[in-house]
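Results of the structural survey
This is what each chain is made of:
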Amino acid sequence: MGMNLKQQIQKDMLAAVKSRDDITRSTLRMLLAAIGTKEIELGKKDEGLDDMQAGEIVLKEIKKRQDAAQQYDDGGRPELASQERAEIEILIVYAPEKLPEQELRAIISAAIEKTGATGSQDTGSVMKEVMPTVQGRADGGAVQKLVQEYLSGS
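Let me sum up the structure you'll find in this document. Nothing here was measured: the structure is a model prediction, and the numbers come from that model.

The subject of this paragraph is the overall build of the protein. When its secondary structure is counted, the protein shows seven helices and zero strands. Principal-axis analysis of the C-alpha atoms gives the protein an extent of 55 × 45 × 25 Å. When the 154 residues of the protein are sorted by exposure, 34% land in the buried category. Of the contacts formed within the protein by residues at least 6 apart in sequence, a portion of 57% connects residues at least 24 apart. Accessible area for the protein stands at about 9400 Å²; split by element, carbon and sulfur atoms hold 52% of it. Averaged over its 21 positive side-chain charges, the protein has a centre that lies 4 Å from the centre of its 26 negative ones.

The next point concerns the side chain of T123. Take T123: it is sitting in helix α6 (residues 123-134). Given the relative accessible area of 8%, T123 is considered buried. In this structure T123 touches Q144, V147, Q148 and L151, once residues within four positions along its chain are discounted.

Here helix α2 (residues 22-41) is 20 residues long and its end C-alpha atoms lie 28 Å apart, about the 28 Å a rise of 1.5 Å per residue gives. For α2, the full list of buried residues reads T24, T27, L28, L31, L32, A34, I35, G36 and E39.

Once that is clear, we can look at the side chain of E84. Within the element layout of this structure, E84 appears in helix α4 (residues 78-92). As a buried residue without a salt bridge, E84 has its nearest oppositely charged side chain in R65, at a separation of 4.5 Å. When sequence neighbours within four positions are dropped, the list of residues in contact with E84 reads R65, A68, A69 and Y72.

Between its first and last C-alpha atoms α6 spans 16 Å; for twelve residues at 1.5 Å apiece the expected length is 16 Å, and the two agree. Those residues of α6 that sit buried are T123, V126, M127, V130, M131 and V134. All buried residues of α6 fall inside an arc of 125 degrees around its axis, so they share one side. Along α6, the residues that are exposed and aim more than 90 degrees away from the buried face are K128 and P132. In this fold, the buried residues of α6 make contact with α5 (101-115) and α7 (140-151). Just downstream of α6, G136 is the residue with a positive phi angle, here 80 degrees.

Attention now goes to the packing of helix α1 (residues 5-18) against α2. The description of two packed helices rests on the angle between their axes and on the distance between the axes. At a minimum axis separation of 9 Å, α1 and α2 run at an interaxial angle of 150 degrees. When the axis of α1 is compared with that of α2, the two are roughly antiparallel. You can see that α1 and α2 cross each other, and the crossing is left-handed. For the pair formed by α1 and α2, the contact residues are K6, I9, Q10, D12, M13, A16 and V17 on the first element and T24, R25, L28, R29, L31, L32, I35 and E39 on the second. Split into classes, the residues belonging to the contact of α1 with α2 amount to eight nonpolar, two polar and five charged.

Conventions we followed
Residues numbered from 1 in each chain as written. Predicted model: local features only at pLDDT ≥ 70, side-chain atom pairs only at ≥ 80, totals over all residues. Heavy atoms only, no water. Helix = DSSP H or I, 4+ residues; strand = E, 2+ residues; numbered from the N terminus. Buried < 20%, exposed > 50% of the residue type's maximum accessible area, 1.4 Å probe, protein only. Contact = heavy atoms within 4.5 Å. Areas by Shrake-Rupley, 256 points an atom, 1.4 Å probe, with all protein chains shown as cover. Lys, Arg positive; Asp, Glu negative; His and termini not counted. Charge placed at Lys NZ, Arg CZ, Asp CG, Glu CD. Expected span 1.5 Å × (residues − 1). Salt bridge = Lys/Arg side-chain N within 4 Å of Asp/Glu carboxyl O. Arc of directions from axis to C-beta. Axes fitted to C-alpha atoms, helices over the stretch in contact; angles between N-to-C directions. Parallel < 35°, antiparallel > 145°, perpendicular 65-115°, else oblique. Left-handed = near helix turned anticlockwise from the far one by under 90°. Nonpolar A, V, L, I, M, F, W, Y, C, P; charged D, E, K, R; others polar.

Encoded structure:
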């Protein structure tokens, strides 16, 4: 049984402390704090999050930094934007692998068959079927677009 994602992050953070890699250390410390908060929220302080749940937090943290970097760019603060992007590079290592589009399409069409969806009014029920399967491995917005594409018959 290998290390889980959280243990890997803790190990890498300690390595960053030893090598005086401040940006990696602070980024991973923030990530571990976010994971810890979620564990408490879900009442999983003892057993911890599974890798999928931890992976979702990684994706949320990446998204936060992408948004922040965009705002700094828009505000003419490139040095702050590049700090955010440097943190994204560190976090991306721990992000769950994205589902290949082919696989995602197969999951969606199976869900459409299973729910008997016929048109765009059924988008919600198809999404409910698809999202738990692809959680953390596909972007909700992209999934919704594909579902609507299928349901509109284009």
